[in-house]
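The chain contents come next:
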Amino acid sequence: MSKIVKLLCVLLSAALIFSTAFVANAKTASQLRNEREKIQAEINSAQQKINNLKEKKDKQQEYINALRSKITLLEDKLDNLESQRNALQKEIDEVSAKIKKTEAEIQETQRQIEAKQEEFREIYELYCQRLRAMYMSGNVTTLEIILESGWDMGSLLTRAQMIKSVSEKDNETLSELNERMQEITQQRQLLADKKAELDADKATLDAQKAELQSSIDEISSSKKELDAEAAECNAAIRKLNSQTAEMQELIETDRDRLKQIEKEIQQAATRKPPSNYTPGTGSLGYPTSYRNISAGYPNYSSGAYHGGIDFPCPKGTPVYAADSGYVSLAKELTYSYGKYIMINHGNGISTLYAHNSQLCVKEGQAVNKGDLIAYSGSTGNSSGPHCHFEVRVNGTRVNPKSYLG
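What comes next is a walk through the structure. (Residues numbered from 1 in each chain as written. Predicted model: local features only at pLDDT ≥ 70, side-chain atom pairs only at ≥ 80, totals over all residues. Heavy atoms only, no water.)

For the rest of this paragraph, the subject is the overall build of the protein. Helix and strand content of the protein: 6 helices and 9 strands. Partitioning the contacts of the protein with sequence separation of at least 6, the portion at a separation of at least 24 is 72%. Summed over its atoms, the accessible surface of the protein is roughly 22,800 Å², and 53% of this surface lies on carbon and sulfur atoms. (Helix = DSSP H or I, 4+ residues; strand = E, 2+ residues; numbered from the N terminus. Contact = heavy atoms within 4.5 Å. Areas by Shrake-Rupley, 256 points an atom, 1.4 Å probe, with all protein chains shown as cover.)

Here the focus is unusual backbone geometry. Look at the link from Tyr 297 to Pro 298: it is a cis peptide, with omega at 5°. Tracing the chain through its elements places Pro 298 in the loop between α6 (255–268) and β1 (309–312). With a phi close to 55°, Asn 347 is a non-glycine residue in the positive phi region. Within the secondary structure, Asn 347 is located in the loop between β4 (339–346) and β5 (349–359). Its identity as a non-glycine residue notwithstanding, His 355 has a phi of 70°, on the positive side. Its place among the elements puts His 355 in strand β5. Under the relative-accessibility criterion, His 355 is labelled buried at 0%. (Buried < 20%, exposed > 50% of the residue type's maximum accessible area, 1.4 Å probe, protein only.)

Quick look at the pattern of salt bridges now. Per the stated rule, a full pass over the model turns up 24 salt bridges. Between Asp 79 and Arg 255 there is a salt bridge; the shortest N-O distance is 2.4 Å. Of this pair, Asp 79 sits in helix α3 (residues 60–136) while Arg 255 sits in helix α6; the two residues are 176 residues apart in sequence, bridging distant segments of the chain. Between Glu 262 and Arg 392 there is a salt bridge; the shortest N-O distance is 3.0 Å. Of the two residues, Glu 262 sits in helix α6 while Arg 392 sits in strand β8 (residues 386–393), which places them 130 residues apart along the sequence. Classification of Glu 262 as partly exposed rests on a relative accessible area of 25%. Among the residues examined, Arg 392 registers a relative accessible area of 1% and is labelled buried. A network of salt bridges, in which partner residues are shared, links Glu 262, Glu 390, Arg 392 and Arg 397. (Salt bridge = Lys/Arg side-chain N within 4 Å of Asp/Glu carboxyl O.)

Moving on, we come to the nonpolar core. Considering soluble globular proteins, one finds that nonpolar side chains tend to be buried as a cluster. The biggest cluster of nonpolar side chains holds 23 residues, and the ones touching the most others in it are Tyr 63, Ile 64, Ile 71 and Cys 233. Secondary-structure elements contributing two or more residues to this core are α2 (29–53), α3 and α5 (153–241). Ranked by residues supplied to this core, first place goes to α3 with 9 residues. With residues up to four places along the chain from it excluded, the contact list for Ile 64 reads Cys 233, Ala 236, Ile 237 and Leu 240. In this structure, Leu 284, Ile 343, Leu 359 and Val 367 belong to the second largest nonpolar core, which totals 20 residues. (Core = buried A, V, L, I, M, F, W, Y, C linked by side-chain atoms within 4.5 Å.)

Moving on to the pairing of β5. Most of β5 sits inside the fold, with 10 of its 11 residues counted as buried. By the bridge criterion, 6 bridges tie β4 to β5 in an arrangement that is antiparallel. From the neighbouring strand, Lys 339 faces β5, where its bridge partner is Asn 356. Count of turn residues in the β4/β5 antiparallel hairpin: 2 residues, of which Asn 347 carries a positive phi of about 55°. As judged from the 6 bridges shared by β5 and β8, these two strands associate in the antiparallel manner. Across the sheet, the residue bridging to Ser 350 is Arg 392, located in β8. Judged from the 3 bridges that link them, β5 and strand β7 (residues 372–376) form a sheet pairing that is antiparallel. Pairing of Asn 356 across the sheet is with Ser 376, part of β7. (Pairing = 2+ DSSP bridges.)

With 25 residues, α2 ought to run about 36 Å at 1.5 Å a step, and its terminal C-alpha atoms sit 36 Å apart, in line with that. Buried within α2 we find Ala 29, Leu 32, Arg 36, Ile 39, Ile 43, Ala 46, Ile 50 and Leu 53. (Expected span 1.5 Å × (residues − 1).)

This brings us to the packing of aromatic side chains. Using the criterion set out here, one finds 5 aromatic pairs in the structure. Centroid distance Phe 311 to Phe 389: 6.5 Å. Interplanar angle 55°. Geometry classified as tilted. Residue Phe 311 is located in strand β1, and its partner Phe 389 is located in strand β8; the two are separated by 78 residues in the primary sequence. Given a relative accessible area of 0%, Phe 311 falls into the buried group. Judged by relative accessible area, which is 0%, Phe 389 ranks as buried. On the basis of an interplanar angle of 50° and a centroid distance of 5.1 Å, the ring pair of Tyr 337 and Tyr 340 is categorised as tilted. In this structure Tyr 337 comes out as buried when scored by relative accessible area, which is 9%. (Phe/Tyr/Trp six-rings, centres within 6.5 Å; stacked < 30°, edge-to-face > 60°.)

Below, the structure written as structure tokens:
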């Protein structure tokens, strides 16, 4: 087995091992396509339900629930499409690298063929020169050489040995020429195989690029559909809120911004407290003088997730620190929580106050239980003025009612 063949075997084995490991740890583009088809079937079913409920005035909450269900499915579809895009890009990168490697191997094989052809020409030229020399000197037979040597035994043996050497040299030359021809034939076949492999890989690459572009286009159209459904759902929520006391947060479709908010909240837990900070007791006071709860933890009446509890109150109502601690976050956003504050009370406990109209404290400031920290409002994704209140233990949302004294 030649060194090239051995090298190819090693590379193929390594590729097989890598491929097996990859499949074990991540979904392939094909698996993601099948998963997306199932999600799309569920989206179509949800849309049918939405169509049936849209004109039924007495079933607005069911309509909102159906919209929320479709929005969740659209978000799943986007996750799937983005995963598929990443998987396709990885496959494209791998095929591109393989094409580049094959092209380099083709160049090297071509160089080897040219080198062997040059060796063949040199040996063949030398052989031809010998034949021409023998022809020019005449076709002297072995018998003639022996007869011309007379009875001189030494001369006879010398001439006989010379004939044998010439004959052996010619045989070696012919054998070497034949070997070079076989090597060139094998290299040419290897070259043809590599070119066929290259053409197949390029065709695969073109197909993968087309599928990647299709996935990118579908991501764009799905995002537009998600935004449209969220806008419709938010309008329905506002309409329903005007008829009920429940204040629901509006739907945020920019998941990157939501991830960034959560990242900042998690990072805030590690922020160094000020020197004058006093840890809380763990027994929390109400954040407003309004004690009525319009939406509890962990769900709205619609069944949608709700990470805290809501205290409906007029815009400008004072918001108080539920316990002593320090302000780990004070943000003024136009989306999601809007203008919100997070207070670290020590012992892994933090509280969050969202949708305020005005903030009265800043990050790093120490506060005592009952201190004024903000004025309520309806900033960010809020359907009406209220105080959204969360309790987090070691970064995880928990039921605030379990901590309110």
